[in-house]
Amino acid sequence: MKNSLLAISLIIGCGLLFAACASAPTAEITATKAAVATAQTDDVRTYAADSLKSAEDEMSKALAEVQTQDGKLFVSRDYKQASTTLKSAKDLAEKAASDAQANKTKAKSDAEAALAALPQSIEEAKKALAKAPKGKDTRADLEAMQNDLKVAEEALNEANTALSQGQYKDALTKAESAKEKASAIVEQVQKAQEKIRGRR
Amino acid sequence: MAVTGKIRVISVATVLALFALVGICEVRMQLGVRTRPWLLEAYLESSLADCRTGPGAYAFRREYALLAVRADETQRLLVEADHDFWLWRDYADVTARLDSACLDAQLLRLRLALRQREQKVKLAAFLTPLQDELGANNHNGKIWSRFELSHIEQTRARSLADQARSLASMGETESALNHTLRAWAAWRRFNDHSDQAFARFEDEGLRGKWEREATALLSWSSETGRRAILVDKLAHRCLLLNRGKLEKSYPANLGRNWYRQKVQEQDATTPEGQYRIRRMFPSGKYGFALLLDYPNSADRERFEDLKRRGVIYPTARIGGGVEIHGGGRLDSDWTDGCVSLEGADMRDLYRRSSLGMRVTIVGTCRLTSSLQGQ
């Protein structure tokens, strides 16, 4: 009798232990959540929004699976699929972070390249204006071009400020605007010079 | 026999124990919330991240901070519940808190999305009319809108509007809106400058004076049967009068600052007043030319008065050499103060002109349109 009671108690105790062991892959969940949280930054939202969304969706899918398994009887729980999806979500989150870094670096280098060439373009526009044919009939055009040059220089300064503040799209837009104005000045002066040569 | 009976009893007891265990687990699952609400947690974290980052998040930083505190508290309770033994672990309370926090996070997200949509609507509402205003041949009802005025604020407004359009196409709504508002400010300053510059054309006193001068010239031409020239600056017209009627009308271009009254040398302004042709040049840099006798006595008197009042420098000079000449460009006002006509028109006017012929230059007058309507 005593042995029987001992055996039954052992069986119940083992059963309770097995029930406790069949639990969610908490460590993997924590790691995935940490990876996704790291990716949820301004930079990633700006430069790799789609990748981040994929990671978040994958994590939601994984957690839904975990919750479904949690709701089953301990003997029938299987967290393999959930673990696989969690790993996939973690990888996607890390990819989003690296994509954002790469895209941000590219945006920065594009802006820097545009800005690096700009002082040269503005200098060429200044030289062109200095050599522009001066006469009563060109003064109005020269005044307009002086305004264009001044606005281009303002855009250059603002572009540098935007670049230093990490606003690369702003910096690139301003640099392109300034370059366009500077190029237009050089072109207009060349046309005016050709017109005069043509008259002669 | 006794042993077989014992084994049978133990087996039955084991099966019953297992069934009891399963029964306990099933009952346990039905009472309270036994599984950790992972999905709700992830949803709350994702919603908070959306409210923390992205365009316009700064505007809701206070609401975000309060929600973040609630989220941290909920996280703490979840960890506490995790440490309970599984048999009496219950997430009911913390799930209720999570539900509430998720709802508020979703509301905040909606407010953020609404703000972003409002910013886009605002951008369209400001940028489209600005582009219309800046567009070529735009007539916004202002007296100067017909003319291509060169001014740095106008150039600045155009440049900022172009940048705004480019940023809007990249999805940078906040930055595009900021540029649009700056462009509007520059455009407004240009408007103010132009309104001030052209205000004199709406001044009743000046308009009356110009009307009288133009009428006097017409009457003189009628009485004497002789030709005279009337230049209407606002209309950009050079009218040849003969015997009190309009003989010819030529489009004209003026000084770069034509809308002002001439004050001194090199101010690129076409003078207003009553003059005569002093000399006639059949050929020159700009083809045919008629030299006017600017400055006349009225001009000198005004010049000295301006010097006395300190409006111009004591060393300023009154200028001269104001002509009606050819070589005209019809696309802009380009001279240093002369009236310029297109080559063939100037040849024609020259042929009909004579030394000493009267030339009256006015800011504007109704006579121009009534003569042209004849």
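Residues numbered from 1 in each chain as written. Chains lettered and ligands numbered in written order. Predicted model: local features only at pLDDT ≥ 70, side-chain atom pairs only at ≥ 80, totals over all residues.

Student: What should I look at first to understand the overall build of chain B in this one?
Tutor: Scanning chain B from N- to C-terminus turns up 10 helices and eight strands. Projecting the C-alpha coordinates of chain B onto the three principal axes gives extents of approximately 155 × 45 × 35 Å. Burial statistics for chain B: of 374 residues in total, 34% are counted as buried. When contacts within chain B are restricted to residue pairs at least 6 apart in sequence, long-range pairs at least 24 apart make up 66% of them. (Helix = DSSP H or I, 4+ residues; strand = E, 2+ residues; numbered from the N terminus. Buried ≥ 20, exposed ≤ 12 C-beta atoms within 10 Å, placed from the backbone. Contact = placed C-beta atoms within 7 Å.)

Student: What am I meant to see in the domain arrangement of chain B here?
Tutor: When the parts of a complex come together, some accessible area is lost, and that lost area is often used as the size of the interface. Domain annotation for chain B reports domain 1 (32-114), domain 2 (135-200) and domain 3 (203-372). Taken over C-alpha atoms, the centre of domain 1 of chain B sits 79 Å from the centre of domain 3 of chain B. (Domains from an automatic or database assignment.)

Student: Can you help me understand the domain arrangement of chain A in this one?
Tutor: Taken domain by domain, chain A holds domain 1 (23-103) and domain 2 (106-199). Centre-to-centre separation of domain 1 of chain A and domain 2 of chain A, based on C-alpha positions: 49 Å.

Student: How do you make sense of the interface of chain A and chain B when you look at a structure like this?
Tutor: Taken together, the 43 residues of chain A in the interface contact 39 residues of chain B. Considering every element that reaches the side of chain A that touches chain B, the biggest residue donor is helix α6 (residues 139-164) of chain A, with nine residues. Looking at side-chain class alone, the side of chain A that touches chain B contains 19 nonpolar, 10 polar and 14 charged residues. (Nonpolar A, V, L, I, M, F, W, Y, C, P; charged D, E, K, R; others polar.)

Student: Quick question: what am I supposed to make of unusual backbone geometry here?
Tutor: Glycine aside, negative phi is the norm for most residues, and most peptide bonds take the trans geometry. Residues and elements named next belong to chain B. Note the cis peptide between Y294 and P295, where omega equals 0°. Along the chain, P295 turns up in the loop between β5 (289-292) and α8 (297-308). Positive phi, normally seen in glycine, also occurs at H236, with a value near 55°. As for its placement among the helices and strands, H236 is situated in the loop between β1 (227-232) and β2 (237-242).

Student: What should I look at first to understand the packing of helix α4 (residues 49-70) of chain A against helix α5 (residues 80-131) of chain A in this one?
Tutor: Angle between the axes and distance between the axes are the two parameters that describe a pair of packed helices. All names here are of chain A. Taken N-terminus to C-terminus, the directions of α4 and α5 make an angle of 160°; their axes are 8 Å apart at the nearest point. As judged from the angle between their axes, α4 and α5 are roughly antiparallel. Relative to α5, α4 is oriented so that their crossing is left-handed. Each of S51, L52, S54, A55, E58, M59, K61, A62, E65, V66 and Q69 in α4 lies in contact with α5, whose residues at this interface are Q81, A82, T85, L86, S88, A89, L92, A93, K95, A96 and D99. The residue makeup of the contact of α4 with α5, split by class, is 11 nonpolar, six polar and five charged. (Axes fitted to C-alpha atoms, helices over the stretch in contact; angles between N-to-C directions. Parallel < 35°, antiparallel > 145°, perpendicular 65-115°, else oblique. Left-handed = near helix turned anticlockwise from the far one by under 90°.)

Student: Would you take a moment to explain the nonpolar core for this structure?
Tutor: Across soluble globular proteins, you tend to see nonpolar side chains buried next to one another. Judged by nonpolar contacts, the single largest core of 40 residues is most densely connected at A:A39, A:A55, A:A93 and A:A96. Elements supplying a minimum of two residues to this core: α2 (26-39), α3 (42-47), α4 and α5 of chain A together with α2 (38-52), α3 (61-82) and α4 (92-134) of chain B. The contact partners of A:A96, leaving out residues within four places of it in the chain, are A:A39, A:V44, A:A48, A:S51, A:L52 and A:A55. B:A214, B:L239, B:L367 and B:L371 belong to the second-largest nonpolar core, a separate cluster that totals 37 residues. (Core = buried A, V, L, I, M, F, W, Y, C linked by C-beta atoms within 7 Å.)

Student: Mind showing me how you'd approach the environment of B:L355 here?
Tutor: Residue and element names in this part refer to chain B. Inspection of the secondary structure puts L355 in the loop between α9 (343-352) and β8 (358-362). Given 11 C-beta atoms within 10 Å, L355 falls into the exposed group. Along the primary structure L355 and M280 are separated by 75 residues, whereas in three dimensions their C-alpha atoms are 6.9 Å apart. Residues in contact with L355, not counting those within four places in the same chain, are I277 and M280.

Student: Hey, could you run me through the packing of α4(B) against helix α6 (residues 173-198) of chain B in this one?
Tutor: Residues and elements named next belong to chain B. Close contact between α4 and α6 brings their axes to 9 Å; oriented N to C, the two are set at 35°. For the pair α4 and α6, the crossing hand works out as left-handed. Along its contact with α4, which presents Q116, Q119, K120, K122, L123, F126, L127, L130 and E133, the element α6 presents T173, E174, A176, L177, T180, L181, A183, W184 and W187. Of the residues that constitute the contact of α4 with α6, the class distribution is 10 nonpolar, four polar and four charged.

Student: Just checking my understanding: could you explain the sheet that holds strand β7 (residues 339-341) of chain B for this structure?
Tutor: Hydrogen bonding along the main chain pairs the strands of a sheet, whether they run parallel or antiparallel. Residue and element names in this part refer to chain B. What the eight strands build is a closed barrel, ordered β1-β2-β3-β7-β6-β5-β4-β8; its pairing is mixed. The mean inter-strand angle of the sheet, taken between neighbouring strand axes irrespective of direction, is 30°. Sheet analysis places β1 next to β8, joined by five bridges and oriented parallel. Residue pairing in the sheet places D232 in a bridge with V362 of β8. (Pairing = 2+ DSSP bridges.)

Student: Hey, could you run me through helix α5 (residues 152-169) of chain B in this one?
Tutor: Since one α-helical turn is 3.6 residues long, residues separated by three or four positions face the same way. For α5(B), spanning 18 residues, the distance from its first C-alpha to its last is 26 Å, which sits close to the expected 26 Å at 1.5 Å a residue. When we look at burial in α5(B), the residues that qualify are B:Q154, B:T155, B:R156, B:A157, B:R158, B:S159, B:L160, B:A161, B:Q163, B:A164, B:S166 and B:L167. (Expected span 1.5 Å × (residues − 1).)

Student: Please clarify how the environment of B:S100 should be interpreted in this entry.
Tutor: All names here are of chain B. One can find S100 in helix α4. Overall, the presence of 12 C-beta atoms within 10 Å leaves S100 in the exposed class. In the structure, S100 is positioned 49 residues away from L149 in sequence and 61 Å away in space, judged by C-alpha atoms.

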